[in-house]
Structures are given as structure tokens and as C-alpha cells.
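In case you want the letters, here they are:
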Amino acid sequence: MSKEVVELDHVSIRFAGDSGDGMQLTGDQFTSTTAILGNDLTTLPDFPAEIRAPAGTLPGVSAFQLHFGNADILTPGDFADVLVAMNPAALKANLKELRKGGDLLVNTDEFGARALTKVGYETNPLEDGSLDGYNVHPIALTSMTVEALKEFDMSKKEAERAKNMFALGMLLWMFTRPLEPTIKFLDAKFGKKPVILAANKKALQAGWSFGETTESFATQFVVKPASMPTGTYRNIHGNLATAYGLIAASKRSGLPLFLGTYPITPASDILHELSKHKGFGVRTFQAEDEIAAIGAALGASYAGMLGVTTTSGPGVALKSETIGLAVALELPLIIIDVQRGGPSTGLPTKTEQADLLQAMFGRNGEAPVPIVAPQSPADCFNAAIEAARIAITYRTPVFLLSDGYVANGAEPWLIPTEDSLPTIDPKFATGPNHTLEDGTEVFWPFKRDPETLARPWAIPGVAGLEHRIGGIEKQDGTGNISYDPANHDFMVRTRQAKVDGIAKTIEPLLVDDPSGAAKTLVIGWGSTYGPIQDACRNLRDEGIQVAHAQVRHLNPFPANLGEVIKSYDKVVVPEMNLGQLNMLLRAKYLVDTIGFNQVRGLPFKTQELMDAIKEVASHG
Amino acid sequence: MAETFASLSLVPKADAPQSAKDFKTDQEVRWCPGCGDYAILAAVQGFMPELGVKRENIVFVSGIGCSSRFPYYMNTYGVHSIHGRAPAIATGLAASRPDLSVWVVTGDGDALSIGGNHLIHALRRNVNLKILLFNNRIYGLTKGQFSPTSETGKITKSSPVGSVDHPFNPLSVAIGAEATFVARTIDSDRQHLQSVLRAAAEHEGTALIEIYQNCDIFNDNAWEPLKNPDTRDDVTIRLVHGEKLIFGSQLDRCVVRKADGTLAVANVADVAESEIVVHDAHNVDPSYAFSLSRLSHPETLQDTPIGVFRDVKRPTFESGLRAQIETAEAVAGAGDLNALLQGKDTWEVR
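If you're wondering where the values come from, they're calculated on a predicted model, not measured in any experiment. (Residues numbered from 1 in each chain as written. Chains lettered and ligands numbered in written order. Predicted model: local features only at pLDDT ≥ 70, side-chain atom pairs only at ≥ 80, totals over all residues. Heavy atoms only, no water.)

Helix and strand content of chain B: eleven helices and twelve strands. In terms of overall dimensions, chain B is globule-like: its C-alpha atoms have a radius of gyration of 22 Å, near the 20 Å expected for 350 residues. Taking the principal axes of its C-alpha atoms as reference, chain B extends roughly 90 × 50 × 45 Å. Per-residue burial for chain B yields a buried fraction of 57% across its 350 residues. Look at the contacts in chain B between residues 6 or more apart in sequence, and 67% of them connect residues 24 or more apart. Separation of charge centres in chain B, based on 33 positive and 42 negative side chains, amounts to 4 Å. (Helix = DSSP H or I, 4+ residues; strand = E, 2+ residues; numbered from the N terminus. Rg over C-alpha atoms; globule rule 2.2 N^0.38 Å. Buried < 20%, exposed > 50% of the residue type's maximum accessible area, 1.4 Å probe, protein only. Contact = heavy atoms within 4.5 Å. Lys, Arg positive; Asp, Glu negative; His and termini not counted. Charge placed at Lys NZ, Arg CZ, Asp CG, Glu CD.)

Okay, structure coming up:
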């Protein structure tokens, strides 16, 4: 039976179910298939911190949103066009994410009286007319899955588990995507469990066939590939890109990678990934706590490794003293903070940008630390290499401020070749660097490079360079303990000047202002790039000229930043915090910038940003 | 020059014999006059040439406290870090560089209060570190508060009517964490101290050496019964592997095993010779060494064993880590970055 085929420019679909329903996996598989077809895409996994909250309850709902299209896709979509709800809880928690008139695929098998009561539905929404504004497709997903698998030697409960594959097959049919990538994935995942493998494949196929034969779906959709720069692409998550960036930095600097870390959401996947790559000489050390994690990483840096620690905000709090020690020792160290909702434990699985001031100032004494923030999942790769460049060149700890949204989100990535990546020269000290008055050649651990103000990095094992360093203030040059007031003043100012001087090596801030006529600048940092860029493009389509700049280096700022923001009448600073970059800009440049702030644990919606920017741009 | 110590098999050998002087720095030593640290420093500097390894391949790492100034006075590589964290920093160092001889210098506050967690985890992992724990039962650098090894009831600046804390026995803690090498020695007994250092250097893995050290300013004579020539032989049990645990100025005291398996002190005259315990530092069951560590009386110090309590073999942390890397390289070859970045699912845009 042939159905109508409609072409769409872009579409956003959302899978929602119990934490145990495999929604993240389903979403990931749909995403991989879509990426291979050449669509541009952005994803938003949205899941609870609890591993498996009681089945069928609102806290247990796990969702995954994917926005894909035939052109540049910058956000997961303000609202989904298609929502797959595996049970009443998933419907209740996610209906507000579906656009009015959108397609709602509901697993009717789970809409029994008890399940409805559990989440507070007094009447069945499938029957009470409350879903009239949507295009509802009632589907007996569980029972059809069980029916399809009756030939297999498995219990009903086991068979039910394959219902996510049925749903995936159905969606793949609906959007004319092939089954092969998922079949390949299942082969790899369940190769050693032939019955489960066969059952999952069968459920996937049954879902596809159901789509083709049911009268519930009159239409199939096509989304053509996006036109992107030529080259080889893959789909990549932010945490994976960060891990790859670290391995690349290790190779391009010749420094073996040492990761000292303690598991914490949403950073742990970087540990999981790096622990697989021992063939690259990667050492991963799962420490007893956050403090030991960074301590070991710093010890490794002293030994001449590329020392890295990964964490999230609460972990940064624990590491603060050691970050201060790294500032004082002037050793390279990369601290990756995958930000999540705070304060305290906060919202472990949700995104936020509220650790900027912690990274800037969260230490005792004057302890400046450079900060780099990736703006998209794939950009984590480049940002990690840039963090390594700064750390190694300037002998300093560096913050990489990722967040839950870029870390767990995914997008297509134009894969670079190793040769195209920058090299980083560690320039280890090899001999004496100072001549005393009596002509003796000596090694001074705190005699600086006049250009970078970086001190020599002398690693153990080199004869003649034996030296002692510590957290106590050091005499300029010799590095000996010094309590001299003038020396301390000099050293504090010099450490600051060293970090400030990094600005000479970073690219000027780029402003996106196609018309050149914008009077309003929108300035963001980190993962808000996509939503801000999307909002600005839409506003321009409406005839409102706005400029956009995304700050990648937050300490030091690019040298032209002050000049840029002073050249616009209005400057709007959207952030997923209460105005942290805004505070820094106002303090440093004395410009009356205007914050737009949300701390909802979710990325900005394009429409909300458009409204906020329009409000500023139109009030003169 | 000594033969190669087992724990230093991967550390480059010195080209020529060294002397204690080679390990002294030009820095003025800033401990209080009379501090036990001077004796320990001299003993360590005097011992270092025995290691027979290149000076530049030795690193001393410390935390915070009086003892933690130690690295500044050793002409090796050194890091004076932050309070309690030296074992963590040294773990990263040792795990990265098997060609280094890594020593940690710490105190009772540094190792057992603020850094207790790192200490027990370094011990269980068996990282190739030699940890010198200077125990003076007091906080010195903060000017005289009770420490986690101070006796209950101790009157200090922060406990004017006596501390209510129950003290740690550092060796019991270490043995509880299944440390592979645990020893105790005394700052003023240079010969014994160096014999323990020697045994520690031979040991592959973490060695914890508790050094009873005197703080003459805030807790003078804390270990007096063990040092005073009139009393020391009567209160000290000298542990020698393979020898009967007999002690006392008249050799009239001994260690025996009670019916419940724990150890106790008895009069030689009251027991059969076969009942006297023969010291076995290689006993893999930690309960033996633990029981030894419980013999001493925390206040009178009566029946205090010194020497090597426990010295057992277990693979080191870094050998395991290294083996995994070597296996990965052997199986799949050295990592190919281009192949890694490509992954499995790619598509071309033309």
C-alpha cells in the first residue's frame, strides 16, 4: 500500500518513556541513522538523575529530542513536531514539549486505570478530548511487540523489553530511514545473545511493517541531506569530542595523557572513553575522591605528562585548593568542568552555565586561571586542544567549561586529519638557564620566558635541574621560599600578567553581522551558541538586524572584546545563570550590558531568545 | 655501592658513588633547635647514597606541616604541596614514571587527619611510594593543638581540659588498609631508622614508615620511655624477621599467641619456649601484624614493637597500569589517531 510522501525541511522528534524503556538508546540510534543520511542535526537528551525511578512515575521519565533537517540545524527545536509517549507518565511530562497540531504516538497498552492514577490523570487523556489539539496515533505498541515475538523462547516480560525497537522501526519507516545501521548496531551489541538479537531485529522490522500497513499513518516524510562543507563526517557527542581532543593534544604535544578523575554526572563519559584508549598510552586513574583525582593529575604534570582532571561543579569546589597549588607551582593542568545545575548537588543531569565565576574566582588569593568554553558538541574537540595549548605553553592550569547540554548533545562533525591539527611544543628545560655573578651556571625554576612569562618546565630525571617547588611564595627567579613583601607583590602581578598575556595568542572575537547595520549585539558563551545564532537568524528574516558574537576565551578575554561591545548601542547577554558573563563585562568594560537569564536546567528556546532580543532592540 | 633495590629496578643507576653531602641543599634548615626532624634529615641524607640511583631520579613530595618542609633540604627533585594531599600527588607521579624513586614525607596531622583518605587508598593500591610519617602526637606548625595520635585527655591549646578524642594507631590503620609494608622506627636511633629505610627501599609497593619524632616545643619527651637508656630495653620489642620475639633488659619478656589468636606479652619464665612467637613479617594474613600493632600501651608505651611489622608481596599499582598499556599496544598496535577520529560510521559530503 503506497502512502503519500511529504518532504520536510526539518523536523524535531521526541522519544519519551520510563528510564528503563531504552529511550536514550532509541534516540541515539535514530540519530546515528539520520547522521549517516547527511542531515544536519542537534540532540537533547533529557533524563532524570535517578537510574530507574519507580516505573510509570513522573520522576522516572526519560526523554530524547532530535532535530534534523536539510540545512544548518542549531538547536534541538523549541517544540517537537512528533512525540512518542511510551506511557501516561511520559505523556504527562512531555506533552508541553509537543507543538500544537504535532503528531503524538501513544502506546495505548500502558494506559490502564492504575497507570493513569499513578500520575494523577483522573480521566484517560486518550478519551477525554484533552488531546484534541494534536494529531494522535493510538498504537498498541507493547502487545504488538509481544505478538511479533511469540515465536521466541522468552517470557512476556522479556518480549516487552523490545518495544523500543518496535517504536524505533516505526519512526524509521515514518521518516524513510533505513534499518541497516540499527541492525548493525544490534549485531554488535547482542552478538553473543542470539535469541535477544533475533527478537530485537524482529521487533524493529515489525515496527517498520506496522508503519507501512497501518491506516493510522497516512503520510511518510522525507528530509533531504543538508548541504555542508565537503569532507568526511561522523556524528559525535560533546563528551566524546572532549576525550578525542585530549588524545589529539597528547599526540600533538608528545606528552602522554594522564587523567585523574572521580566519577560524576555529567562528566563520567570522558573517563569511560579515555579508559578504552590505553593503546595511545593513556593512563586513567579513578581516584578515591575529587581531591586525589586532581592531585594525581598535578603529580603527573610534574612528571611531564599531560595532566587532566574531569568533573562537574561540586567536584570543582573540592579541587579548588589544588587548582591554587597548580597556579603557584605554574604547571600545566587541564580541569574540565562539565557544568550542571547547582548549587550543591543541584540538577545533576541538567545543564547550566553557573560555574563561570567559580572558575574565574573560586580560589583563595589572586589565582588567575585561563578559561575556554566549547560552543557545540563537536567544538569540544577543538576547545580541548586549545586548553592544552594554553596549559602547556604558559605552564598554567586551564579550565575547559563544558556543560551538560554540549556534553550529552550530538551533531555531525567534519572529521579533521591528524596533520591538520596544531602541534604543541612542551619545550622542557634541558640545562642551566642562569649564570651567577661568579660565572656558575645554574638552573632557576622561576626564571621566566620574557615573551610568555612562562617558567621552565623541568621534569625529574634531568641531571643538574634538581629543584624544589611548593605552594609557599617563591622568590622570583630562584624559586626559593620568600616572604619578602615586594617579591610577593611582584609575583602576584607577574602571574596575573602571564595569564593576561595569553590574549596576544587568541583570535580576535568574530562578530556575525551580515548586514553590518545591526545596532544590537547579542553576546553569549559556551553552549548557548546554537540557540542564540538561531534566534538572530530568525530575527534577521523578520527584518530586525542583530549581531551575534560567542566568546570562547573567557579568561583572558579576546583583546578586541571591549572595542566590539562598545561599538553597539545595545548589548544583550543571554546566559543559563543569573548574569555571570554579564557581570564580568560590566566590571571590565563599564558598558551597560543587558542580561537575559534562565536557570531551568534546559537550553534556551529560540522563540524566548527572539522575544527577549526583540524587546531590547526595539526599545530605543 | 649497594646492589639494586627491588623497588628501584627501573630507576637509572648513579654513575659514581654518592655521599650524604650530595643530598644537602643550600637552603637554611628552618626547624626549631632540638627538633627531631634534624636527626631524621641527617639519617635520610646519609642513607640516600645507598640507593645507588641517580639523584635526579629521586623525588620527595610532602604536604603541609613541620615535617613537610623536608623536600627543601633534599638536593633532589621535590614538591612541597598542600595539606594531606602528598600521597595523591605522589601517586600521579609514580604511576607516570617508573624510572623515579618517589618518597613522601608527612606527619600525624597531615597523613592521618586531613589526608587520611589518601593515605589508606595509596596503601591499598600499593603504589611504589615510600611514605615517612613523622609522628609527634601534636600539631606543631599551627602551634600546639592535639593531633589524631594524641592521647585521650591530652591538654593542649585546643583542649584545655583534655582531648576527648580517641587516638589512631597509625600502624593499625595502615594494616587495616592492607598495606604491604609497615614499619616503625625512632628519630634518634639512626642505625635502626636506616635499617628500616633499607627494607622499605627493597619493598616493591607502598611502604609506610612511622617515625616516632620528638617535638621539643609542643610535646617534648612524647616518646621518652622508648629513648631513655634506662627504660628503652624494657618497653621496646625489636622486630627481626625469623627471630623469637623476646625483649627486656633481662630478656625476660616475650610475645605469645593467646587462645583467641591474638598476641600478648608474657614472662619468658612462665611459658614454654615453643610458645614464643617467631616474627614473620612475610605473613600474608594482616591479622598477625595488626595484633602486633595492638601490643603497645598508648600512654605508657609499654611493649612497643619497632622494626618491620609487615612486608608482603602484591603487584604494584603502576605495574598493573603499565601492563594494560603494553597489552593494548601489543594487541592493537600504538594508537592511530586518524582511525580513532574516523570511528565506524562516517559519511561523505561531496
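That shown, we press on.
Attention shifts here to the interface of chain A and chain B. Every contact between the two is made by 68 residues of chain A and, on the other side, 57 residues of chain B. With both sides pooled, the region where chain A packs onto chain B buries about 5300 Å², and carbon together with sulfur makes up 61% of that total. Viewed at the interface, chain B and chain A are joined by two salt bridges. Taking the shortest distance from any N to any O, the salt bridge between B:R125 and A:E288 comes out at 2.8 Å. Taken together, the links from chain A to chain B amount to 28 residue pairs in polar contact (both at pLDDT 80 or more). Elements represented by at least two residues in the side of chain A that touches chain B include exactly α1 (23–36), β9 (231–237), α9 (238–253), β11 (283–286), α11 (290–302), α12 (313–329), β16 (410–414) and β19 (468–470) of chain A. Of the residues forming the side of chain A that touches chain B, the biggest block, seven residues, is contributed by α11(A). Looking at the side of chain A that touches chain B residue by residue, the class counts come to 38 nonpolar, 19 polar and eleven charged. (Buried area = accessible area lost by both parts, 1.4 Å probe. Salt bridge = Lys/Arg side-chain N within 4 Å of Asp/Glu carboxyl O. Polar contact = N/O pair within 3.5 Å; in protein donor to acceptor, adjacent residues only side chain to side chain. Nonpolar A, V, L, I, M, F, W, Y, C, P; charged D, E, K, R; others polar.)

Right, let's get into the sheet that holds strand β24 (residues 594–597) of chain A. Residue and element names in this part refer to chain A. With parallel pairing, the four strands of this open sheet are ordered in space as β21-β20-β23-β24. At either margin of the open sheet sits one strand with a lone partner, and together these are β21 (546–551) and β24. The average angle at which neighbouring strand axes cross in this sheet is 25°, direction not considered. Strand direction decides the pairing type here: strand β20 (residues 520–525) and β21, joined by six bridges, are parallel. Residue pairing in the sheet places W525 in a bridge with V551 of β21. Across the sheet, helix α17 (residues 529–541) lies against β20, β21 and β23 (570–575), angled at about 170° from β21, the strand it touches most. (Pairing = 2+ DSSP bridges. Axes fitted to C-alpha atoms, helices over the stretch in contact; angles between N-to-C directions.)

Residues and elements named next belong to chain B. Bridging between strand β9 (residues 253–257) and strand β10 (residues 263–267) involves five bridges; their strand directions are antiparallel. The partner of R257 across the bridge, within β10, is L263. As consecutive antiparallel partners, β9 and β10 are separated by five residues, and within that stretch G261 has a phi angle of approximately 95°, a positive value.

With that settled, consider the environment of A:H137. All names here are of chain A. Within the fold, H137 resides in strand β7 (residues 135–139). Linking H137 and S216, residues 79 residues apart in sequence, is a C-alpha distance of 6.1 Å. Beyond its immediate sequence surroundings of up to four residues, H137 is in contact with D103, L104, L105, V106, S216 and F217. Here S216 takes part through its backbone oxygen, which lies 3.0 Å from a polar atom of the side chain of H137.

Turning next to the environment of B:L41. Residues and elements named next belong to chain B. Among the structural elements, L41 can be located in helix α1 (residues 36–51). In sequence terms L41 and S67 are 26 residues apart; their C-alpha atoms lie 9.7 Å from each other. L41 has contacts with V29, W31, F70, Y73 and M74, leaving out every residue within four places of it along the chain.

Taken together, the three strands give an open sheet; going across it, the order is β16(A)-β9(A)-β12(B), and neighbouring strands pair in antiparallel fashion. Strands at the two margins of the open sheet, each flanked by one partner only, are β16 of chain A together with β12 (346–349) of chain B. The sheet shows a mean angle of 35° between the axes of neighbouring strands, direction not considered. As paired strands, β9(A) and β12(B) are joined by four bridges and run antiparallel to one another. Looking across to β12(B), one finds that A:R234 is bridged to B:T346. Against the sheet, α9(A) contacts β9 and β16 of chain A, and its axis sits at roughly 115° relative to β9(A).

Right, let's get into the packing of α1(A) against helix α6 (residues 163–174) of chain A. When two helices pack together, their arrangement is given by the angle between their axes and by how far apart the axes lie. Residues and elements named next belong to chain A. Two elements in contact, α1 and α6, have axes separated by 10 Å at closest approach and are oriented at 30°. Of the possible angle classes, the one that applies to α1 and α6 is roughly parallel. The interaxial crossing formed by α1 with α6 has right-handed handedness. Seen from α1, the contacting residues are M23, L25, T26, Q29, F30 and T33; seen from α6, they are N164, M165, L168, L171 and L172. The class makeup of the residues in the contact of α1 with α6 is seven nonpolar, four polar and no charged. (Parallel < 35°, antiparallel > 145°, perpendicular 65-115°, else oblique. Left-handed = near helix turned anticlockwise from the far one by under 90°.)

Glancing now at the domain arrangement of chain A. Residues and elements named next belong to chain A. Annotation of chain A at the domain level lists domain 1 (4–222), domain 2 (234–420), domain 3 (427–488) and domain 4 (520–618). For domain 2 versus domain 3, the distance between C-alpha centres works out to 28 Å. Residue-level contacts link 16 residues of domain 2 with 17 residues of domain 3. Its largest share of buried area at the contact with domain 3, domain 2 owes to Y302, E330 and R395, together 44% of the area lost on that side. Linking domain 2 with domain 3 are one salt bridge. We note a salt bridge from E330 to R448, for which the minimum N-O separation is 2.7 Å. Where domain 2 meets domain 3, there are seven residue pairs in polar contact (both at pLDDT 80 or more). Mapped by element, the contributors of at least two residues to the side of domain 2 that touches domain 3 are α11, α12 and α14 (379–394). Here the residues of the side of domain 2 that touches domain 3 are counted per class, giving eleven nonpolar, three polar and two charged. (Domains from an automatic or database assignment.)

Residues and elements named next belong to chain A. Applying the stated criterion across every chain yields a total of six cavities of 30 Å³ or more. Considering only enclosed or pocket space, the largest cavity measures out at about 140 Å³ in volume. Here the lining of the largest cavity is built from residues that sort into five nonpolar, three polar and six charged. When residues of the lining of the largest cavity are sorted by domain, at least three fall in each of domain 1 (4–222) and domain 4 (520–618). Its volume calculated, the second largest cavity comes out at about 80 Å³. As for the second largest cavity, its lining consists of L44, P45, D46, T349, K350, T351, G404, Y405, N408, G601, L602 and P603. Elements with a minimum of two residues in the lining of the second largest cavity: β3 (40–46) and α15 (404–408). (1 Å grid on protein atoms, 1.4 Å probe; cavity = no way out; pocket = protein on both sides within 12 Å on 5 of 7 lines; lining within 4 Å. Points joined across faces, edges and corners; volume = space filled by probe spheres on them.)

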